[in-house]
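# Residue-level structure breakdown
Okay, here's what each chain looks like letter by letter:
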Amino acid sequence: MTFVPHTERDRQQMLEAIGVKTIADLFEAVPQKFRFPKLNLPAPLTEMEALGELKGIAEANESADDLVSFLGAGAYHHYIPAGVDSILRRGEYYTAYTPYQPEISQGTLQAIFEYQSLIVALTGMEVSNASHYDGATALAEAVNMSRAIHRGARNKIILSPGIHPQYREVVHTYEDGGDLQFIGEDLDLSAGPDALIDMIDEHTGLVCVAYPDFFGRVYDYTKLAEAAHAKGALLAVSVNPTALGLLKPPGEMGADIVTGEGQPLGIPLSFGGPYLGILTTRNQYVRQIAGRLVGETVDSRGQRGFVLTLSTREQHIKREKASSNICTNQGLMMLAATTYMSLLGKSGLRQVAESCYHKAHYAAAEIAKLKGFSLKFKDAFFHEFVIECPIPAAELNLRLLELGIVGGYALGTEYPGMQNCMLLTVTELNSKEEVDYLVETLAEVAHA
Amino acid sequence: MPEPLIYDLGAPGRTGVQMPAPDVPLADLPTGLVRDNLPLPELSELEALRHLTRLSQLNHSILTGFYPLGSCTMKYNPIINEETARLGGFIHAHPLQPAEMMQGSLAIMYHLQEWLKEIGGFAAVSLQPAAGAQGELAGVLMIKAYHASRGQSQRNKVLIPDSAHGTNPATSAMSGYRVVEIPSDARGNLDLEALKAECDDTLAAFMLTNPNTLGLFEEGVQEAIEAVHAAGGLVYGDGANMNALLGIARPGDLGIDVLHYNLHKTFTTPHGGGGPGSGPVGVAAHLADFLPGPIVGIEEEGSEEMGPVYGWHQPPKSIGRLKGFHGQFGMHVRAFTYILMQGAEGLRSVAEHAVLNANYLRVKLQGAYKVPYDRVCMHEVVLEGRWADAPDIHALDIAKRLMDFGFHPPTNYFPLIVREALMIEPTETESKEVLDAFIEAMLTIAEEAHSTPEVLQQAPHTTKYGRMDEVKAARQLVLCCEIPREVSSEQ
């Protein structure tokens, strides 16, 4: 299927105007021996054929929608109101680019401004950027921010072992070969935030924690923030935004930077992307934040309007002196989150959060009653929790799958010694019936 | 009357979504951790959707008009991509489900890797980078790891032409490299002598955009690449302008060691108002072990009846993970769909017509506008937006006046080496009629610049908004709505 509209007559007229005989004549600057390579690709398909092909491939996936799923670990199944995709499908949004020309981009600009506002409200922070790639890269940018805020001093970064293992990997990729020293990842998993306090000293630039953490646990980080500030360090908290529908926001605990994975805010699982990076901070650090920022102003006619602002922080102005190389944001995913939060609003997001909380606690309580199963941690949790099983979690998952259940995340791969541990997630989409089926099935297959 | 802000809409007690009440016994909420107030707005479903629909109508977009934003490849984004990316099997797929359950997703990624290898002339591809800038970071980190693996860590310098995108120097600096700028010559090529003078044993990499940001194919590309390789350096290719090369030349054949693709430019995944992008990287064989992972490989070869079994592979010396999970998978499906519909002939036709359109604009606009490097261009043409006899007119005025004719302005003030630059990339999906209308508007504007300059300086006139006060925005920072902070009593 071609999307080139040119007729033969168009081509002839255009070539004549240019003063060449054939289109091939336009490529004489390309070294001849490399010009017009024969590409070995499948023969082109029409739209109808392509859709048929793609449908066949999609059916080769056994997706979570066809089964009962308790898998989360950083990507969550939630109900997405129909209105979200109706907005995402508007060509005015999805076929526009970065709003460089504000006079004809007020739709995107105001949507970003509102996104920034809703995220500020949700996190309890003061400034949000226009979004980042995802939760992992947003945390890596928090580390970059710390370096910029401390102007190269304070090279010690504390990473809680409760941060998503993939996020920590990404931080290491970004900072590999740099001058930063990372500590804390090998702390005992049951130690909690107090163990981090002991590690903070006058060389510490940043303390990074998650809320809820990778294991679903929630802690009040107020003391940790105070301890960090007392030594001149900053606190960054990586959040799940759904939890903030119910729980005290990190802004109220004294966090300096809040990052997070925005996928639960109306973005489908889509095999891991595109997702949405949340990146927020305090007013005093606005000049160190990465990515686009939208600010309010007025136009030549006195109307309120919005523009990209403080762009002197960014790569296209500062080039090698910029603190980050990012130029895009996750525009369309930002719009999904804005639409989701606008539709759910104050009461809807609280309802989703409470529903997740109660269902997860019901599931945890029921599983803990099973012979051979127990909860690994005693701490408060949101909608994920770790169970210790009588057999290896990976093996248990295979048995669950045979009965139509996608089990939790088997922790043995990332955490040696936790072969029998599974991280289970329950959201508002899991009915009591599903939870009961999981509990029954666990009892049945664990001792089979 | 501007559209109200979200916090000025709705009323207490309204909601746009009702969720079912929990069907399980309620648990105690965690003591001391429940928030007092959730200061989100309260809108009905219609209020919220009407607001966001009305906002959308304030945007210029590809679907509503010509969008010749240079270096961004604002071509038509096929609607079918939006259907295929939303197929149930893909959109509900959890990224941590075992590979055996996700053979459809892995098949998409595997074939896209293979096709990008073929299109670019590379030995291996990773789809992990989230955007072009992250693809660049991947590339530079791989180059650094490669040199380190050969005991060549003294290589600390990256050469970047003065016409390059700002991401190139920003990425190099992020990776701990020193940046040396290479000037351009009078024909718009990089200055080969200046390049060669920097080719020594501290050279880590040369970052090349080809066609360059002047829209010109680098005439000394082979000589430049040979010089860099002879000094032990590697060549990074910025694939931003790949639309001009599809089926025309393969960067890998030219000797480029690593290149990022922009799926959102070349392969029609939508720009989304600024993202999500997707920036896969392709590499020559000697860099394959360093790719960011995991990537998709074949576990078991297929037979006539059964397709192959796909699985995850971590390259042995991988620079590591660059983002969570597997890259921007939804964009992979869209790019896959597009390439499937194009085939080899279709892709070559894309590049040919992109270049035809740009050259048509070049010859029709030269004369009325100065074309600083006047030779056959590739997919975009760069003009100067200034005249000696209209000294008060700037590129910005031309850009703003174009809006009155219903066009999105070209990229302006970039590349930095052209004074008052207007960088125009028409793309292959625009018809001759659209180009003729744009040419007519540009010629009218050139006349107005001399006869009635104030019309340009005060433009735009017909848009819903006039020029914005950017200084005020930066000086009196207002970055969010006023958010009600009072503690609510109902919770």
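Residues numbered from 1 in each chain as written. Chains lettered and ligands numbered in written order. Predicted model: local features only at pLDDT ≥ 70, side-chain atom pairs only at ≥ 80, totals over all residues.

### Structural notes on the overall build of chain A
Worth spelling out the cut-off: Numbered from the N terminus, helices here are DSSP runs of H or I no shorter than four residues, and strands are runs of E no shorter than two. As a rule, residues whose C-beta atom has 12 or fewer other C-beta atoms within 10 Å are exposed, those with 20 or more are buried, and those in between are partly exposed; C-beta atoms are placed from the backbone. What counts as a contact here is a pair of residues whose C-beta atoms, placed from the backbone, lie within 7 Å.
Secondary structure summary: chain A contains 13 helices and 15 strands in total. Structurally, chain A occupies a C-alpha span of about 85 × 55 × 50 Å along its principal axes. When each of the 448 residues of chain A is scored for burial, the buried share is 62%. Once local pairs closer than 6 in sequence are excluded, the contacts in chain A between residues at least 24 apart make up 72%.

### Description of the overall build of chain B
The cut-off we apply is this: As defined in this context, the radius of gyration uses C-alpha atoms, and a globule is described by 2.2 Å times the residue total to the power 0.38.
Within chain B one finds 14 helices and 12 strands. Radius of gyration (C-alpha) of chain B: 26 Å, near the 23 Å computed for a compact globule of 491 residues. Overall size of chain B, expressed as C-alpha extent along the three principal axes, is 75 × 70 × 45 Å. Split into buried and exposed, the 491 residues of chain B put 60% on the buried side.

### What about the packing of helix α6 (residues 135-149) of chain A against helix α7 (residues 165-175) of chain A?
All names here are of chain A. Note the following rule: Only the contacting stretch of a helix is used when fitting its axis, a line to C-alpha atoms as for every element, and angles between N-to-C directions run 0 to 180 degrees. Angles below 35 degrees are treated as roughly parallel, those above 145 as roughly antiparallel, those between 65 and 115 as roughly perpendicular, and all remaining angles as oblique. Definitions for this section: a left-handed crossing has its near helix turned counterclockwise from the far helix by less than a right angle. A right-handed crossing has that turn clockwise. Three classes are used: nonpolar for Ala, Val, Leu, Ile, Met, Phe, Trp, Tyr, Cys and Pro, charged for Asp, Glu, Lys and Arg, and polar for all others, with Gly counted as polar.
One can describe the packing of α6 onto α7 by two numbers: an axis separation of 8 Å at closest approach and a directional angle of 45°. As summarised for this structure, α6 and α7 are arranged oblique, according to the angle between their axes. You can see that α6 and α7 cross each other, and the crossing is right-handed. Taking contact as the criterion, the partners of G135, A136, T137, L139, A140 and V143 in α6 are, on α7, Q166, Y167, V170, V171, Y174 and E175. The residue makeup of the contact of α6 with α7, split by class, is eight nonpolar, three polar and one charged.

### Focus on the environment of B:R54
All names here are of chain B. Considering the arrangement of structural elements, one finds R54 in helix α1 (residues 45-56). Note on R54: 13 C-beta atoms within 10 Å, which makes it partly exposed. Sequence separation between R54 and E3 is 51 residues; the distance between their C-alpha atoms is 7.5 Å.

### Brief notes about unusual backbone geometry
Residues and elements named next belong to chain B. Cis geometry marks the peptide bond from N210 to P211; its omega dihedral reads -5°. Structurally, P211 can be placed in the loop between β4 (203-209) and α8 (221-230). For the bond from G275 to P276, the omega torsion is 0°, close enough to zero to count as cis. If you trace the backbone, P276 turns up in the loop between β6 (258-261) and β7 (281-283). Even without a glycine there, the phi angle at T268 is positive, about 60°. With respect to the helices and strands, T268 occurs in the loop between β6 and β7. Positive phi, close to 65°, is recorded for Y413, a residue that is not glycine. Overall, the presence of 17 C-beta atoms within 10 Å leaves Y413 in the partly exposed class.

### Points about the sheet that holds strand β14 (residues 409-410) of chain A
All names here are of chain A. What counts here: Here a strand pair is declared whenever DSSP counts at least two bridges between the two strands.
Judged by pairing direction, the sheet is antiparallel, and its four strands sit side by side in the order β11-β12-β15-β14 without closing on themselves. The sheet terminates laterally at β11 (374-375) and β14, the two strands that pair on one side only. Two strands pair when backbone bridges link them, and strand β12 (residues 384-388) and strand β15 (residues 421-425) are joined in this way by five bridges, in the antiparallel orientation. Bridging across to β15, F385 finds its partner in L424. Against the sheet, helix α11 (residues 331-368) engages β11, β12 and β15, with an angle of about 10° to β12.

### Quick look at helix α12 (residues 393-402) of chain A
Residues and elements named next belong to chain A. The criterion, for reference: Picture the helix axis, draw a direction to every C-beta atom, and the arc is the one those directions span.
Among the residues of α12, those classed as buried are A393, L396, N397 and L400. The buried residues of α12 occupy one face: seen down the axis, they fall within an arc of 105°. Those residues of α12 that are buried are in contact with β13 (405-406), β14, β15 and α13 (432-446).

### Describing the interface of chain B and chain A
Contacts between the two partners involve 163 residues from chain B and, on the opposite side, 167 residues from chain A. The biggest single contributor to the side of chain B that touches chain A is helix α10 (residues 329-365) of chain B, with 23 residues. For the side of chain B that touches chain A, the class distribution of residues is 88 nonpolar, 51 polar and 24 charged.

### A few points about the environment of B:F90
Residues and elements named next belong to chain B. Among the structural elements, F90 can be located in helix α3 (residues 88-91). Residue class for F90 comes out buried when judged on the 26 C-beta atoms lying within 10 Å of it. A C-alpha to C-alpha distance of 7.9 Å links F90 and G104, two positions 14 residues apart in sequence.

### Section: the sheet that holds strand β4 (residues 181-183) of chain A
All names here are of chain A. The sheet built from seven strands is open, its strands ordered β2-β8-β7-β6-β5-β3-β4 with mixed pairing. One side of each edge strand has no neighbouring strand; the edge strands of this open sheet are β2 (127-128) and β4. Where strand β7 (residues 257-261) and strand β8 (residues 277-281) come together, five bridges link them in antiparallel fashion. In the strand pairing of β8, E261 is matched with G277. Across the sheet, helix α9 (residues 222-230) is in contact with β5 (204-211) and β6 (234-239); its angle to β6 comes to roughly 150°.

### With respect to the packing of helix α1 (residues 8-18) of chain A against α10(B)
Relative orientation of the contacting elements α1(A) and α10(B) amounts to 50°, with a least axis distance of 9 Å. As judged from the angle between their axes, α1(A) and α10(B) are oblique. With respect to the hand of their crossing, α1(A) and α10(B) are arranged in left-handed fashion. Residues A:R11, A:M14, A:A17 and A:I18 of α1(A) touch α10(B), and the partners they reach there are B:L356, B:N359, B:Y360, B:V363 and B:K364. A class-by-class count of the residues in the contact of α1(A) with α10(B) yields six nonpolar, one polar and two charged.

### A look at the pairing of β4(B)
Remark: a regular strand shows side chains that alternate across the two faces of the sheet. All names here are of chain B. To keep it simple, the criterion reads: Note on handedness: a crossover is taken as right-handed if, strands pointing away from the viewer, the path from the first strand over the helix to the second is clockwise.
Counting buried positions over the seven residues of β4 gives seven, a clear majority of the element. Here three bridges tie strand β2 (residues 157-161) to β4, and the two strands are oriented parallel to one another. Each bridged residue has a counterpart across the sheet, and for K157 the counterpart in β4 is L203. In this sheet, strand β5 (residues 234-239) lies alongside β4 in parallel orientation, the contact comprising five bridges. When the bridges of β5 are listed, F206 appears paired with V235. A crossover links β4 with its parallel partner β5, the connecting element being α8, and its sense is right-handed.

### Observations regarding the domain arrangement of chain B
All names here are of chain B. Selection criterion: The domain boundaries here were taken from an automatic or database domain assignment.
By domain assignment, chain B separates into domain 1 (80-341) and domain 2 (350-475). Here the C-alpha centroids of domain 1 and domain 2 sit 31 Å apart. Between domain 1 and domain 2, the contact holds 18 residues from the first and 16 residues from the second.

### Notes on the pairing of β5(A)
Residue and element names in this part refer to chain A. With respect to burial, β5 is a largely interior element, eight of its eight residues being buried. Pairing geometry for strand β3 (residues 156-159) and β5, over four bridges, is parallel. The residue of β5 that forms the bridge with I157 is L206. Of the strand pairs in this sheet, β5 and β6 are connected by six bridges, and their pairing is parallel. Each bridged residue has a counterpart across the sheet, and for C208 the counterpart in β6 is A236. Running through α9, the crossover from β5 to the neighbouring parallel element β6 is right-handed.

### Considering the confidence of the model for chain B
Residue and element names in this part refer to chain B. Put simply, the test is: Every residue carries a pLDDT, the predictor's confidence in it, which falls somewhere between 0 and 100.
In this model, chain B carries an average pLDDT of 95, and 99% of its residues clear a pLDDT of 70 or more. Across residues 487-491 the pLDDT falls below 50, and counting only partners more than four positions away or on other chains, this stretch makes four contacts in the model. Two summary scores accompany this predicted model of the complex, namely pTM at 0.97 and ipTM at 0.97.

### As for the nonpolar core
Generally speaking, nonpolar side chains in soluble globular proteins are found buried as a group. As a reminder, the rule being used: Each nonpolar core consists of buried Ala, Val, Leu, Ile, Met, Phe, Trp, Tyr and Cys residues. Their C-beta atoms, within 7 Å, join them into a set.
If you look at the biggest cluster of nonpolar residues, it comprises 300 residues, and the most contacted ones within it are A:V207, A:C208, A:M422 and B:M142. A domain split of this core shows at least three residues from each of domain 1 (80-341) and domain 2 (350-475) of chain B. Those residues in contact with A:C208, other than ones at most four positions away along the chain, are A:L139, A:A142, A:I157, A:I158, A:L159, A:S160, A:I163, A:A236 and A:S238.

### Quick word on the environment of A:I163
Residue and element names in this part refer to chain A. Locating I163 in the fold gives a position in the loop between β3 and α7. Of the residues examined, I163 has 23 C-beta atoms within 10 Å and is grouped as buried. Considered as a pair, I163 and H358 are 195 residues apart in the sequence and their alpha carbons are 24 Å apart. Once you skip the residues sitting within four places of it in the chain, I163 turns out to touch R168, C208, V209, A210, F214 and S238.

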